Amino acid sequence: MITQEYLKQRYHYENGKLICKVKNKPIGTINGRGYYIVSINKKSYRVHWLIFLYHHGHLPPLIDHKDRNKLNNCIENLREATVSQNNHNRMGMDSNTGHKGIHWSNSRQFYKAAFKHNKIYHYVGIFNDLQQAVEEYEKKYKEVAGEFATFWFWYQKKNSNPQKSDPQKISI
């Protein structure tokens with residue numbers, strides 16, 4: 001098992017990178033999933049895990065990139081997370097309204113707002129107005145998810161395919 005002491009003997013941290021003291025070069029290459037990885041003593045590690053260990057001296061079960069950028073390994077961008085917390089900080093388009101967690105029921109003519117947290121279903125309510133559904137959803141979601149609450153909506157550019165629209169992050 002790699003240790004904080006081992007890392008500090010061989011590397012120094014600078015702007016989200018671990019720099020090899022011998023070669024004076026950043027370690028890591030980008031893997032197929034978009035993370036920086038490195039092999040140390042014939043074992044592969046994601047660089048953001050090593051940076052977290054370098055600074056905190058332990059490895060949590062999961063590490064979350066606050067800004068969702070897998071290549072931004074600045075220590076300020078890394079935080080411990082549970083699987084549920086990490087899932088709150090990911091983008092998902094599982095909605096027919098363009099808003100995460102809010103769905104339009106064509107047969108019943110209303111918006112339904114709900115989400116899951118720690119395998120528990122949180123029902124927010126049904127609404128006639130999309131904006132009201134969004135506001136109530138965000139209020140409840142932030143209450144439950146805390147600092148991991150991230151709101152995403154998808155907008156459709158004129159004459160564009162909705163599946164290829166650009167995501168926009170909403171900070172609260």
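Residues numbered from 1 in each chain as written. Predicted model: local features only at pLDDT ≥ 70, side-chain atom pairs only at ≥ 80, totals over all residues. Heavy atoms only, no water.

**Q** Summarise the overall build of the chain; cite the residues concerned and give the values.
**A** Check the secondary structure of the chain and you find 4 helices and 12 strands. A total of 172 residues make up the chain; the buried ones form 37% of that total. Taking contacts inside the chain between residues at least 6 apart in sequence as the whole, the part at least 24 apart equals 36%. (Helix = DSSP H or I, 4+ residues; strand = E, 2+ residues; numbered from the N terminus. Buried < 20%, exposed > 50% of the residue type's maximum accessible area, 1.4 Å probe, protein only. Contact = heavy atoms within 4.5 Å.)

**Q** Let's hear about the sheet that holds strand E10 (residues 120–127): which residues, and what values?
**A** Within the open sheet, the 3 strands sit side by side as E8-E9-E10. Their pairing is antiparallel. Unpaired on one side and paired on the other, strand E8 (102–105) and E10 mark the two borders of the sheet. Neighbour to neighbour, the strand axes of the sheet diverge by 25° on average, direction disregarded. Here E8 runs beside strand E9 (residues 110–117); their pairing, made up of 4 bridges, is antiparallel. Looking across to E9, one finds that His 103 is bridged to Lys 112. The strands touched by helix H4 (residues 130–145) are E8, E9 and E10; relative to E9, the strand with the most contacts, the crossing angle is about 15°. (Pairing = 2+ DSSP bridges. Axes fitted to C-alpha atoms, helices over the stretch in contact; angles between N-to-C directions.)

**Q** So what's going on with the nonpolar core? Residues and values would help.
**A** Ile 2, Leu 7, Leu 18, Ile 40 and Leu 50 are the most contacted members of the largest nonpolar core, which totals 21 residues. For this core, the secondary structure elements donating two or more residues are helix H1 (4–10), strand E1 (11–14), strand E2 (17–20), strand E4 (36–40) and helix H2 (47–56). Per-element accounting of this core gives the leading share, 7 residues, to H2. In contact with Leu 7, not counting residues within four places along its chain, are Ile 2, Leu 50, Leu 53 and Tyr 54. (Core = buried A, V, L, I, M, F, W, Y, C linked by side-chain atoms within 4.5 Å.)

**Q** Kindly report on the sheet that holds E4, identifying the contributing residues and their values.
**A** Backbone hydrogen bonds hold the strands of a sheet together, and the pairing may be parallel or antiparallel. Taken together, 3 strands build an open sheet; the order of strands is E3-E4-E5 and the sheet is antiparallel. Edge positions in the open sheet fall to strand E3 (29–30) and strand E5 (43–46), since each of these has one partner strand only. Relative to E5, E4 runs antiparallel, the two being bridged by 4 bridges. Bridge pairing links Ser 39 to Ser 44 in E5. Strand contacts of H2: E4 and E5, with the helix running at about 80° to E5, the strand carrying the most contacts.

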